[in-house]
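Here is what each chain is made of, one letter per residue.
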Amino acid sequence: MNYIEVIDYLYSRLPMFTRDGSSAFKKDLTNIRALCAALENPEKAFKAVHIAGTNGKGSSSHMLAAVLQTAGYRTGLYTSPHLLDFRERIKINGVLIPQAYVIDFVKNNQSLIETIQPSFFEVTVAMAFRYFADMHVDIAVIETGLGGRLDSTNIISPIATLITNIGYDHMNMLGNSLAEIAYEKAGIIKSHTPIVISERQQAIEHVFINRAQELVAPIFFASDEWKIDEIAVDTEFQYLKAIPEKEKPFEALELCLDLRGSYQQKNLPGVLSTIRILKEIGFTVSENELVDGLKAVQKLTGLMGRWQRLSAQPLTICDTGHNEDGWKEVIKNITRTPFEKLHMVIGVMRDKDLEHMLTLLPKEANFYFCSPAFQRALPAIDLQSQAANYGLVGEAYDSVQHAVETAGQIASKEDLIFIGGSTFVVAEALPLFQ
């Protein structure tokens, strides 16, 4: 098999959440444990930081990896989903896993895969762990896929854990209340292992505190440790001041962050507190390395799709935020962006809670409803129909490309085009601007 054939095998033969939805989510760790046992337990061969959360876990993972890279550590990074290339999921120091490694892993373990019948995600996790072990990383930043307690990544024994924002998403699998969802995320907390909670949410803080106490895990609420002030924002950076609320390894920090979404101000405290913990257990990160890493997250790690500017005239922005909290942050960023007319290219998956999303969207925008090329995608005509019930007016298009190109033709140079609603809409839009 060549690389294209290997990827097609993984996509077509294995249960895949992005295609099949909740039926592809294995609610136990049996398969991943069996896979990794057959691979000589690579998850035990490297140090790791484990990150979960509803929103912000991807950005936080990339920020942390960028800082550790800058500090000279050989840093593995496992995230999901990918946008353009499967190999985005598995990187070392920002470099994608080689195609040859992916080919060899699948060819050498095909009989094992056929025997265990794992999901696409389980195979990907096992591949990442084996790769990080083979390449002798100094540390790996591991992002959960969905939830935490039953997520395939949750067989690692991390040296620190981080949980970002908790919000409503994937309720059919994680629970219908914030407390139930928080319980699933809290499943990554490990015995005697420091746990950082990015944002203290009073309604659910007890879930994390109780679990940490049960496991004798030191717990820190990063929003209590750091105050983030916005100084300025321009087309390339947001300029922030991070002020420690208590005595910390760093004094007040003036930071230039290349991730321009205002929601990064909620993620940043968790990253800073996690770095503090790593420093306390023996990692060396100077203030200059911290500042330099956060200034070049996209360049160092290849992060895409977080309030990413695709074009200047008209200003075209994409963002992968796709649940209620994610949309609130997107709308906040739109409102602080100057423009004459707003154009929104939107597509969603069938299993998304449309009521909470559609009530947030601005009625004055021109909408371009589309459907990404996924079985789980809601047809554009259905999205258009449901949006009309909320006073949102626009045309339905047969593809993301058609919607994006039409918005570009209609918009003036002073307008704003926003592309989002689903990670998969962003994934199909990105190549149109390269």
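Quick summary incoming for the structure in this document. None of these values were measured; they are calculated from a predicted model.

For the chain, the helix and strand inventory stands at 19 helices and 17 strands. The dimensions of the chain, computed from C-alpha atoms along their principal axes, are 55 × 55 × 40 Å. Considering the chain as a whole, with its 434 residues, one finds that 59% of them fall into the buried category. For the chain, restricting intrachain contacts to residue pairs at least 6 apart in sequence, the fraction spanning at least 24 positions comes to 73%. When the accessible surface of the chain is summed, it comes to about 17200 Å², and 48% of that surface belongs to carbon and sulfur atoms. Charge-centre separation for the chain: the mean point of 40 positive side chains lies 3 Å from the mean point of 52 negative side chains.

This brings us to the packing of helix α1 (residues 3-13) against helix α5 (residues 99-108). With their axes 9 Å apart at the nearest point, α1 and α5 run at an angle of 55° to one another. As the angle between them shows, α1 and α5 are arranged oblique. Remark: the crossing between α1 and α5 carries left-handed chirality. Of the residues in α5, those in contact with Y3, V6, I7, Y9 and L10 of α1 are Q99, V102, I103 and V106. Here the contact of α1 with α5 is composed, by residue class, of eight nonpolar, one polar and no charged.

Looking now at the packing of helix α3 (residues 30-38) against helix α7 (residues 120-134). In the contact formed by α3 and α7, the axes pass within 10 Å of each other and the chain directions differ by 35°. The element α3 and its partner α7 pack so that their crossing is right-handed. Along its contact with α3, which presents N31, I32, L35 and C36, the element α7 presents E122, V123, V125, A126 and F129. Of the residues in the contact of α3 with α7, the class split is seven nonpolar, one polar and one charged.

We now examine the side chain of K91. Here K91 is to be found in strand β3 (residues 90-92). Nearest to the buried, unbridged K91 among oppositely charged side chains is E88, at 5.9 Å. Once residues within four sequence positions are removed from consideration, K91 is found in contact with H62, T75, G76, L77, L96, F132, T301, G302 and L303.

Within the open sheet, the six strands sit side by side as β12-β13-β17-β14-β15-β16. Their pairing is mixed. The open sheet has two edge strands, β12 (308-312) and β16 (394-396), and neither has a second partner. On average, each strand axis in the sheet is inclined to that of its neighbour by 15°, with strand direction left out of account.

Attention shifts here to the sheet that holds strand β7 (residues 195-197). Taken together, the eight strands give an open sheet; going across it, the order is β4-β3-β2-β5-β1-β6-β7-β8, and neighbouring strands pair in mixed fashion. The outermost strands of the open sheet, each flanked by one partner alone, are β4 (95-96) and β8 (219-221). Note: β7 against β8, three bridges, orientation parallel. Within β8, the residue paired with V196 across the bridge is F220.

This paragraph deals with the pairing of strand β11 (residues 253-257). Here is the key point about a regular strand: its side chains alternate between the two faces of the sheet. Burial within β11 is extensive, with four of its five residues counted as buried. Relative to β11, strand β10 (residues 238-244) runs antiparallel, the two being bridged by five bridges. The partner of L240 across the bridge, within β11, is L255.

Right, let's get into the nonpolar core. Generally speaking, a soluble globular protein has its nonpolar side chains buried in company with each other. Membership of the largest hydrophobic core comes to 42 residues, with the highest contact counts inside it found for L10, M127 and F132. Among the elements of the structure, α1, α3, β3, α5, α6 (110-116), α7 and β5 (139-143) are those that each provide at least two residues to this core. By residue number, the principal contributor to this core is α7, which donates 11 residues. Excluding its chain neighbours within four sequence positions, the residues that come into contact with F132 are F46, G76, L77, Y78, I90, K91, I92, V137, A140 and I142.

The side-chain alternation of strand β6 (residues 160-163) yields two buried faces, one formed by A160 and L162 and the other by T161 and I163. In terms of strand pairing, strand β1 (residues 48-52) meets β6 through four bridges, oriented parallel. Its bridge partner being in β6, V49 is matched across the sheet by A160. Summarising the sheet, β6 and β7 pair through three bridges and their orientation is parallel. By the bridge assignment for β7, I163 is matched with I197.

Enumeration according to the criterion identifies 15 salt bridges in this entry. Here E230 and R336 are joined by a salt bridge, their closest N and O atoms 2.5 Å apart. With E230 in strand β9 (residues 226-233) and R336 in the loop between α15 (324-335) and β14 (342-346), the pair connects residues that are 106 residues apart, well separated along the chain.

Criteria and cut-off values
Residues numbered from 1 in each chain as written. Predicted model: local features only at pLDDT ≥ 70, side-chain atom pairs only at ≥ 80, totals over all residues. Heavy atoms only, no water. Helix = DSSP H or I, 4+ residues; strand = E, 2+ residues; numbered from the N terminus. Buried < 20%, exposed > 50% of the residue type's maximum accessible area, 1.4 Å probe, protein only. Contact = heavy atoms within 4.5 Å. Areas by Shrake-Rupley, 256 points an atom, 1.4 Å probe, with all protein chains shown as cover. Lys, Arg positive; Asp, Glu negative; His and termini not counted. Charge placed at Lys NZ, Arg CZ, Asp CG, Glu CD. Axes fitted to C-alpha atoms, helices over the stretch in contact; angles between N-to-C directions. Parallel < 35°, antiparallel > 145°, perpendicular 65-115°, else oblique. Left-handed = near helix turned anticlockwise from the far one by under 90°. Nonpolar A, V, L, I, M, F, W, Y, C, P; charged D, E, K, R; others polar. Salt bridge = Lys/Arg side-chain N within 4 Å of Asp/Glu carboxyl O. Pairing = 2+ DSSP bridges. Core = buried A, V, L, I, M, F, W, Y, C linked by side-chain atoms within 4.5 Å.

In short, shape yes, function no, at least from these values alone.
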